[in-house]
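# Inside the fold
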Amino acid sequence: LTPPIMKTPRIFPSLLLLALALLCVAPTAAQHFQIKAGGGFARHYKDSRIVGAFKAGVGFEYEFNQRWTFNPALCLYGKGWRYPDQTVPFLNPDGQPEYDEQGNQRMSVMSRTTTANYIELPLVFNYYQRVGEGRYVVLAAGPYVAYGISGKSVTKGDTSRPGSEKMYYEGKAFKEPGVKRFDAGLQVMLGYQFASSLIVGLETDLGVLPYNAAADRNISGIVSLSYRF
């Protein structure tokens, strides 16, 4: 049987059309330019371990009223994940499994750490709850789409590799078989705006598109700083 052909997700065009439609009504509202930055942790949903994450970019905020705003942005988002202590068969130079004197197959420990950098477009709606003069609690949520532009995987202990690569080798994160550059999901934030217009937030990206054939998905959490002019 021929497996069904999977169509490329049309998330990017759909969200861009939504953004353009919302921007058509934005000229009647107040507009603010923003700079954004943050740092934290990232991983895959499954059995991976966390690695460092970062975010830096710019955005615009369009006010619909005193509480609701639309906040598209363009960011460089560094994510990643780590798979340590994976037990794998120990292979000899001919690629065959080795056995000890008791006939038990010898095993080895492999680890892999990946960094993946994305250009990300979050399309977030903010809700402001006033708590004092110029001070607000900010709730934000909305979809994001992203495209992987660079990254590196470092692997140690892979006995299936030739020569010195059994101990250590590097590869490009988005060049491995089955890997997908596109990412998309939901971004959520809880923040606090000071009277100076600085917003400190706790935010997370919850990926819904699989990164690879194993259906691993990105998840990250950062402490973010936003300043609007």
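This section reports on the structure supplied with the text. (Residues numbered from 1 in each chain as written. Predicted model: local features only at pLDDT ≥ 70, side-chain atom pairs only at ≥ 80, totals over all residues. Heavy atoms only, no water.)

## Some details on the environment of Leu 198
Counting through the fold element by element, Leu 198 comes out in strand S8 (residues 198–207). Leu 198 gets classed as partly exposed once you look at its relative accessible area, which sits at 28%. On a C-alpha basis, the gap between Leu 198 and Ser 226 in space is 5.8 Å, while along the polypeptide they are 28 residues apart. Among all residues touching Leu 198, those that are not within four sequence positions of it are Tyr 192, Gln 193, Leu 225, Ser 226 and Tyr 227. (Helix = DSSP H or I, 4+ residues; strand = E, 2+ residues; numbered from the N terminus. Buried < 20%, exposed > 50% of the residue type's maximum accessible area, 1.4 Å probe, protein only. Contact = heavy atoms within 4.5 Å.)

## Comments concerning the packing of aromatic side chains
Between two aromatic rings, the relevant description is the distance of the centres plus the angle of the planes. For the coordinates displayed, the defined rule picks out 12 aromatic pairs. Relative to Phe 194, the ring of Tyr 192 lies with its centre 5.0 Å away and its plane at 75°, an arrangement referred to as edge-to-face. Given a relative accessible area of 27%, Tyr 192 falls into the partly exposed group. The class of Phe 194 is partly exposed, set by a relative accessible area of 37%. An aromatic cluster is present here, built from Phe 33, Phe 60, Tyr 62, Tyr 227 and Phe 229 joined pairwise through their rings. Positioned over the ring face of Tyr 77 is Lys 79, at 4.7 Å from the centre of the ring. (Phe/Tyr/Trp six-rings, centres within 6.5 Å; stacked < 30°, edge-to-face > 60°. Lys NZ or Arg CZ within 6 Å of the ring centre and 35° of its normal.)

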